[in-house]
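# Survey of secondary and tertiary structure
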Amino acid sequence: MTTAPSSRPLDGITVVSLEHAIAAPFCTRQLADLGARVIKIERPGTGDFARGYDERVKGLASHFVWTNRSKESLSLDLKQNEAGEILDALLGKADVLVQNLAPGAAARLGLSFEALHEHFPRLIVCDISGYGEGGPYQDKKAYDLLIQSEGGFLSITGGAGDDEMAKAGCSIADIAAGMYAYSNILSALLLRERTGEGSHIDLSMLESLVEWMGYPLYYAFDGATPPPRAGAAHATIYPYGPFPVGDGGTVMLGLQNEREWRLFCDKVLRRPELADDERFDGNSKRSAQREMLRAIILDCFAALSTEEVIARLEAAPIANARVNDMQGVWEHPQLQARQRWSEVGSPSGVLPALLPPGRNSAFTPRMAPIPALGEHSEALLGELGYAPAEVARLRDASVI
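The text that follows walks through the structure, step by step, so that each part is easy to find. (Residues numbered from 1 in each chain as written. Predicted model: local features only at pLDDT ≥ 70, side-chain atom pairs only at ≥ 80, totals over all residues. Heavy atoms only, no water.)

### A look at the packing of aromatic side chains
Aromatic ring pairs are reported here in terms of the distance separating the ring centres and the angle at which the planes meet. For the record, the criterion: The aromatic pairing rule takes the rings of Phe, Tyr and Trp, using the six-membered ring of Trp, and pairs them if the centres are within 6.5 Å, calling planes under 30 degrees apart stacked, those over 60 edge-to-face and the rest tilted. Numbering goes from the N terminus for both helices and strands, where a helix is a DSSP run of H or I of at least four residues and a strand is a run of E of at least two. A simple rule labels every residue: compare its accessible area, found with a 1.4 Å probe on the protein chains alone, to the largest value its type can have, and call it buried under 20%, exposed over 50%, or partly exposed in between. Counting as a charge over the ring demands two things of the Lys NZ or Arg CZ atom: a distance within 6 Å of the ring centre and an angle within 35 degrees of the ring normal.
Scanning all chains against the criterion turns up 10 aromatic pairs. Plain terms: the ring middles of phenylalanine 26 and tryptophan 66 are 5.2 Å apart, the flat faces sit at 40° to each other, and that makes the pair tilted. Of this pair, phenylalanine 26 sits in helix H1 (residues 23-33) while tryptophan 66 is found in helix H2 (residues 62-67), placing the two residues 40 residues apart along the sequence. We classify tryptophan 66 as partly exposed; its relative accessible area is 30%. Here the aromatic residues Tyr238, Phe243 and Phe301 are joined through ring pairs into a cluster of three or more. Residue placement shows lysine 140 over the ring face of tyrosine 137; its charged tip is 5.7 Å from the ring centre.

In structure tokens:
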């Protein structure tokens, strides 16, 4: 038996966020998915600069649509004195403050954990920055691609056999930071249940991405040669990557062990003698001789269609995948069969949205609208006791 959809893990938790771009908004959107009330503070007139990245979603920015559903937008000029009073009132009712302003900006606004903890001892403060507090890079500006570079990610991505590096096609450093901020906030909320005290989370984009670089780091341990650039193929396991087939399609396949290698030779290539060929009898040998082995695989696949290759791989069974484009993902039969698409409102109308990964039998995630800039300013100030005339005055003074 499931509980009512309105009963969610973070119901009753209020998050105030001074956020822009991706890392902090992705973190807080996930908190909103679990029921938290997220109040997004935005600069009057322009708002979160991610609102202007593009106009691909019915005039809205693709990044913003992705990371900002289920939030309330309060436009507030934090440089004005009266804005500080409003923010203090909000923090007095909040459980969590998240910020990813420029390095040092929050502290200059009086929003360091030390200053806030004195007045709001139960408040959890999560600071997201490129490099974290302290160290020679503390004040260095950081964006996703710059962290991909500093974190070593670009050194192992790109075309095989050349020096052309390639960044990830999505904001991987921002996503890593957003995920770790999200999980750290959840753990801080659990800790507060035991201690009654809020805590400080100092979250670094660099450290988040370097954690994800664990395999290539250890592969290059103690000065060893790092993994080579391998395009879309695995750098050190072979065959594991994309292979073109006779009808012009591409099939991604992956072998993990010697048992699968024998099955691949017998059931897919239909050349069982290759399993004991001394050139290929071990992953390190196959990886070293990948061009020779690739030619053998391509010769087999050239006479087959995509469906025939996948049928052989499935029958073996060998792990495989189609190389989908974005339209293929929108139409993916597995996502549709599992009913993973929902809808959310927006200033441009109803939009499709993927449900958060992880289906929980006890609750349904919140899938509320993406806010217009300052859409909730009057209502939020009303909750704080501001009369309509006072709200109008604040608007005239460009405080909101």
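### Overview of the pairing of strand E5 (residues 124-129)
The cut-off we apply is this: In this scheme, strands are said to pair when DSSP sees at least two bridges between them.
Most of E5 sits out of view: 5 of its 6 residues are buried. Relative to strand E6 (residues 200-204), E5 runs parallel, the two sharing 5 bridges. Bridging across to E6, cysteine 126 finds its partner in isoleucine 201.

### Side note on the layout of surface pockets
Just so we agree on the cut-off: Cavity and pocket criteria rest on a 1 Å grid covering protein atoms alone: a 1.4 Å probe that fits but cannot get out defines a cavity, protein on both sides within 12 Å along at least 5 of 7 lines defines an open pocket, and an atom within 4 Å of a point defines a lining residue. Grid points are joined across faces, edges and corners, and a volume is the space filled by probe spheres set on the points. All residues other than Ala, Val, Leu, Ile, Met, Phe, Trp, Tyr, Cys, Pro, Asp, Glu, Lys and Arg, Gly among them, are scored as polar; the first ten of these are nonpolar and the last four charged.
If you add up the space inside the largest pocket, you get close to 1500 Å³. Along its surface, the largest pocket is lined by 46 residues, and Arg29, Trp66, Arg69, Trp341 and Leu354 are the ones closest to its centre. Sorting the residues of the lining of the largest pocket by element identifies H1, H2, helix H6 (144-150), helix H7 (172-195), helix H14 (326-330), strand E10 (341-344) and strand E11 (351-354) as the ones contributing at least two each. Its residues placed into classes, the lining of the largest pocket shows 26 nonpolar, 10 polar and 10 charged. Counted as a void, the second largest pocket has a volume near 1000 Å³. As for the second largest pocket, its lining consists of 36 residues, and the residues nearest its centre are His20, Phe49, Asn100, Leu101 and Ala102. Elements represented by at least two residues in the lining of the second largest pocket include exactly strand E2 (37-42) and E5. Taken together, the residues that form the lining of the second largest pocket break down as 18 nonpolar, 8 polar and 10 charged.

### Description of the sheet that holds strand E1 (residues 14-18)
To keep things clear, this is the line we draw: For helices, the axis comes from a line fit to the C-alpha atoms of the stretch in contact; other axes are also lines fit to C-alpha atoms, and the angle between any two N-to-C directions lies between 0 and 180 degrees. Contact criterion: two residues are considered in contact whenever any of their non-hydrogen atoms come within 4.5 Å of each other.
Ordered in space as E3-E2-E1-E4-E5-E6, the 6 strands form an open sheet in which the pairing is parallel. The open sheet is flanked by strand E3 (71-75) and E6, the only strands paired with a single partner. Averaged over all neighbouring strand pairs, the angle between strand axes comes to 20°, with direction disregarded. Relative to E2, E1 is paired through 5 bridges, and the arrangement is parallel. Following the sheet pairing, threonine 14 is matched in E2 by arginine 37. Helix H8 (residues 205-212) contacts E5 and E6 of the sheet and is inclined by roughly 65° relative to E6.

### Details of the pairing of E1
Convention followed: By definition, the crossover connecting two strands over a helix is right-handed if that path, from the first strand to the second, turns clockwise as seen with the strands pointing away from the viewer.
Along E1, 5 of the 5 residues are buried, which leaves the element largely enclosed by surrounding structure. What you see with E1 is no split at all: Thr14, Val16 and Leu18 on one side and Val15 and Ser17 on the other are buried throughout. Once you follow E1 into H1 and on to E2, the crossover reads as right-handed. Where E1 meets strand E4 (residues 96-99), 4 bridges bridge the pair, whose relative direction is parallel. Opposite serine 17, over in E4, you have valine 98 as the bridge partner.

### Some words on the environment of leucine 189
Position of leucine 189 among the secondary structure elements: in helix H7. The spacing of leucine 189 and isoleucine 124 is 65 residues in sequence and 7.7 Å in space, taken between C-alpha atoms. Setting aside its immediate chain neighbours within four residues, leucine 189 contacts Leu10, Ile13, Val96 and Ile124.

### A few points about a nonpolar patch on the surface
Heads up, the condition is: By definition, no residue in a patch forms a salt bridge, and every one has over 30% relative accessible area; like charges are joined within 9 Å, nonpolar side chains (Val, Leu, Ile, Met, Phe, Trp, Tyr) within 5 Å. Per-residue accessibility takes into account occlusion by the displayed protein chains alone, with areas from the Shrake-Rupley method and a 1.4 Å probe. Any Lys or Arg side-chain nitrogen located within 4 Å of an Asp or Glu carboxyl oxygen qualifies as a salt bridge.
On the surface, a cluster of nonpolar side chains totalling about 320 Å² of accessible area is made up of Met326, Val329 and Trp330. The residue valine 329 is located in helix H14 in this model. With a relative accessible area of 32%, valine 329 lands in the partly exposed category.

### Re the packing of helix H10 (residues 258-268) against helix H12 (residues 290-301)
Put simply, the rule is: Handedness of a crossing is defined here by the sense of rotation of the near helix relative to the far one, left-handed for an anticlockwise turn of less than a right angle and right-handed for a clockwise turn.
It is the contact of H10 with H12, at a shortest axis distance of 12 Å, that shows an interaxial angle of 35°. In the crossing of H10 with H12, the sense of the turn from one axis to the other is left-handed. Contacts between H10 and H12 involve Trp261, Phe264 and Val268 from the former and Leu293, Ile297, Cys300 and Phe301 from the latter.

### Here we look at a negative patch on the surface
This is how it is decided: By the counting rule applied here, Lys and Arg register as positive and Asp and Glu as negative, while His and the ends of each chain are not counted. In this description, the location of a charge corresponds to atom NZ of lysine, CZ of arginine, CG of aspartate or CD of glutamate.
Taken together, the side chains of Glu114, Glu133, Asp202 and Glu207 present a region of like negative charge at the surface. Overall, the relative accessible area of 58% leaves glutamate 133 in the exposed class.

### Description of the sheet that holds strand E7 (residues 240-244)
Spatial strand order, E7-E8-E9: 3 strands in an open sheet with antiparallel pairing. The sheet terminates laterally at E7 and strand E9 (319-322), the two strands that pair on one side only. Direction aside, neighbouring strands of the sheet carry axes that sit 25° apart on average. Here strand E8 (residues 250-254) pairs with E9 via 4 bridges, running antiparallel. Opposite glycine 254, over in E9, you have alanine 319 as the bridge partner. Across the face of the sheet, H12 comes into contact with E7 and E8 while running at roughly 45° to E7.

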